[in-house]
Amino acid sequence: MLVVMEHRATQEQIDRVVEAIERRGCKARPIPGGERTAIGVLHNKGPVDAAHYLGLPGVKEVIPVTRPYKLVSREFQPAPTIVRVGDQRIGEGSLTVIAGPCAVESEEQAMAIARQVKDAGAGLFRGGAFKPRTSPYSFQGLGEEGLRILAKVRERTGLPVVTEVMDEENFSLVEQYADMVQIGTRNMQNFSLLRRAGQSKKPVMLKRGMSATIDEWLMAAEYIMEGGNTQVVLCERGVRTFVRHSRNTLDLSAVPYVCKESHLPIIVDPSHAAGRRGLVIPLARAAVAAEAHGIMVEVHHEPDHALSDGAQSLYPEQFATLMAQMRSIFETFEKHPMPDNRYA
Ligand code: PEP
Ligand code: MN
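Residues numbered from 1 in each chain as written. Chains lettered and ligands numbered in written order. Predicted model: local features only at pLDDT ≥ 70, side-chain atom pairs only at ≥ 80, totals over all residues. Heavy atoms only, no water.

A.B. asks: I'd like a rundown of the sheet that holds strand β4 (residues 59-63), residues and numbers included.
C.D. replies: Pairing within the open sheet is antiparallel, and its four strands lie in the order β2-β3-β1-β4. The sheet terminates laterally at β2 (27-32) and β4, the two strands that pair on one side only. In this sheet, neighbouring strand axes are inclined to one another by 20 degrees on average, regardless of whether the strands run parallel or antiparallel. Direction of pairing for strand β1 (residues 2-5) relative to β4: antiparallel, over a ladder of four bridges. Along β4, the bridge assignment pairs M5 with V59. (Pairing = 2+ DSSP bridges. Helix = DSSP H or I, 4+ residues; strand = E, 2+ residues; numbered from the N terminus. Axes fitted to C-alpha atoms, helices over the stretch in contact; angles between N-to-C directions.)

A.B. asks: Please set out the site of ligand 1 residue by residue, giving values where relevant.
C.D. replies: Every residue close to ligand 1 is listed here: R126, K131, E164, Q182, G184, T185, R186, K207, R237, H272 and M296. Measuring from an oxygen atom of ligand 1, one finds a side-chain N or O atom of R126 at 2.8 Å. Within the contact set of ligand 1, an oxygen atom lies 2.7 Å away from a side-chain nitrogen or oxygen of R237. Against a free-state accessible area of 290 Å², the protein chains account for coverage of 97% of ligand 1. Its residues assigned to classes, the shell around ligand 1 comprises one nonpolar, four polar and six charged. (Near = heavy atom within 4 Å. Polar contact = N/O pair within 3.5 Å; in protein donor to acceptor, adjacent residues only side chain to side chain. Areas by Shrake-Rupley, 256 points an atom, 1.4 Å probe, with all protein chains shown as cover. Nonpolar A, V, L, I, M, F, W, Y, C, P; charged D, E, K, R; others polar.)

A.B. asks: So, the environment of F130: which residues are in play, and what are the values?
C.D. replies: Along the polypeptide, F130 turns up in the loop between β8 (124-126) and α4 (144-157). Spatially, the C-alpha atoms of F130 and V104 are 9.1 Å apart, while their sequence positions differ by 26 residues. When sequence neighbours within four positions are dropped, the list of residues in contact with F130 reads Q140, G143, E144, L147, E164, M166, N170, L173 and V174. (Contact = heavy atoms within 4.5 Å.)

A.B. asks: Hey, could you go over the state of the cysteines for me, with residue numbers and the actual values?
C.D. replies: On inspection of all chains with the given rule, the structure shows zero disulfides. The thiol sulfur of C235 is not disulfide-bonded, and the nearest other cysteine sulfur, from C102, lies at 13 Å. Residue classification places C235 among the buried residues on the basis of a relative accessible area of 0%. (Disulfide = S-S within 2.5 Å. Buried < 20%, exposed > 50% of the residue type's maximum accessible area, 1.4 Å probe, protein only.)

A.B. asks: How would you explain the coordination of the manganese ion (ligand 2) if you had to name every residue and give the values?
C.D. replies: At the metal site, the manganese ion (ligand 2) is ligated by C102 (SG), H272 (NE2), E298 (OE) and D309 (OD), and these contacts range over 2.0 to 2.4 Å. Counting along the primary sequence, the residues that act as donors to the manganese ion (ligand 2) give the motif C-x169-H-x25-E-x10-D. A residue pair is termed long-range when its members are at least 10 positions apart, and C102 in the loop between β7 (96-100) and α3 (107-120) and H272 in helix α9 (residues 270-274) qualify at 170 residues. (Donors = N, O, S within 2.8 Å, 3.2 Å for Na, K, Ca; no water.)

A.B. asks: Please set out the pattern of salt bridges residue by residue, giving values where relevant.
C.D. replies: Using the criterion set out here, one finds 17 salt bridges in the structure. Here R67 makes a salt bridge to E75, at a shortest N to O gap of 3.9 Å. A salt bridge links R196 to E175, with the nearest nitrogen and oxygen atoms 2.5 Å apart. With R196 in helix α6 (residues 191-198) and E175 in helix α5 (residues 171-177), the pair connects residues that are 21 residues apart, well separated along the chain. Taken as a pair, R196 and E175 share a single burial class, namely buried. (Salt bridge = Lys/Arg side-chain N within 4 Å of Asp/Glu carboxyl O.)

Here it is as structure tokens:
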């Protein structure tokens, strides 16, 4: 349920509605908008009676919310969320490119790749310090040493850095270094981790679980927003299907669907979807054509020697060409916008 206030509603009237909601055991969440404030009714057990609020001064209308997710939905917040990470803007109207290796392997490796992706036009640097590996015998990441290297990359190149947090135990450490904290596919429904992310002051990139429906994914984002962190970026990275020609199946229809359902930005990771660099390039172009708000792609200066995901890492020259191609696809939309409202 959403209580929409009149354009001229006073703070006192808003406070009165909040009070009335909380008196009935629900939680009120005011959402200031450009035009007017709306107040979300959360934690209600069962339907809420609109009549309780309709008569209060300053209330324009009461709208039922039909989706299981609330804070992430366009019903609650029609205006798009723009997430700012350093000097970068992620959301409607932008194409933000995050590039870098799967894992930070050494200072030399991270710096070499960061310089090349920056020269090609990437806006953020990625690199895992804590790696969720299928095998306990595979390279697990450099841990805090990897985070320190990421901080040096930021210092020397000016690129904000994105890195994964795998558990609550290391959350405070990772958020200290990262400009944006990544929650990986394997942790999308780690609810205690999501709640911890909800308390963070850092933007969070939430990857789609490898077998998650879109409703489950949006509910996971709801956990983060419910905790008070509104800076959430969704990342489609492919889901498990029966195919063998690619690591996962990139669900590109998720992009326009999520844009219709949610105000949160959505980006695409073609690398973990494809698993092979030959497939990564066309999928990245297709994601831009589907109007994703950004791309996260793995790049390595020596993929044959990478400690993880070498086969899907682009060579820096390939990344530079892909950047130019993606930019021109993106500009096509600016030159030829659709006349109708895509969220209608
Ligand atoms: C990653 O981006 O480093 C990663 C491990 O991705 P995912 O969680 O999508 O597998
Ligand atoms: Mn990887």
